[in-house]
Amino acid sequence: GIQEVKMPLPAVITADLRLNEPRYATLPNLMKAKKKPMEVLDAASMGVELAPRMEVLRVEEPPARAGGKKVDSVDDLLDKLKTEAKVL
């Protein structure tokens, strides 16, 4: 089922380990489901509009990445991270 909870922010939310564990259908239930009639509903009768709500303006490929560089030692790696990449 679905549970909707309202709370003031900031809030801490946790999840159980078994949250995404699927429930498998048993053979008797599959046979029962085959016998039930399937009702087809029109979207307009339920008040749902199927027109797209977003418009794609353009699609571009990301810029090509530069090739990697091999270093001979850990000291060279640390030096390049400090000087070129400026991450350390």
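Residues numbered from 1 in each chain as written. Predicted model: local features only at pLDDT ≥ 70, side-chain atom pairs only at ≥ 80, totals over all residues. Heavy atoms only, no water.

## Quick notes on the pattern of salt bridges
Right, on to step 1. For the structure on display, the rule yields three salt bridges.
Right, on to step 2. Its salt-bridge partner being Glu84, residue Lys69 comes within 3.3 Å of it at the nearest N-O pair. You can see Lys69 sitting in the loop between helix H1 (27-35) and helix H2 (74-83) and its partner Glu84 sitting in the segment after H2, a full 15 residues away along the chain.
Right, on to step 3. Two residues, Glu84 and Lys80, come together in a salt bridge whose shortest N-O distance is 3.4 Å.
Right, on to step 4. In this structure Glu84 comes out as partly exposed when scored by relative accessible area, which is 46%.
Right, on to step 5. Beyond isolated ion pairs, a larger network of salt bridges with shared partners links Lys69, Lys80 and Glu84. (Salt bridge = Lys/Arg side-chain N within 4 Å of Asp/Glu carboxyl O. Helix = DSSP H or I, 4+ residues; strand = E, 2+ residues; numbered from the N terminus. Buried < 20%, exposed > 50% of the residue type's maximum accessible area, 1.4 Å probe, protein only.)

## Structural notes on a negative patch on the surface
Right, on to step 1. A contiguous patch of negative charge, built from Asp72, Asp75, Asp76 and Asp79, is present on the exposed surface.
Right, on to step 2. Position of Asp79 among the secondary structure elements: in helix H2.
Right, on to step 3. Assessed through its relative accessible area of 45%, Asp79 is described here as partly exposed. (Patch = residues over 30% accessible without salt bridge, like charges linked within 9 Å, V, L, I, M, F, W, Y side chains within 5 Å. Areas by Shrake-Rupley, 256 points an atom, 1.4 Å probe, with all protein chains shown as cover. Lys, Arg positive; Asp, Glu negative; His and termini not counted. Charge placed at Lys NZ, Arg CZ, Asp CG, Glu CD.)

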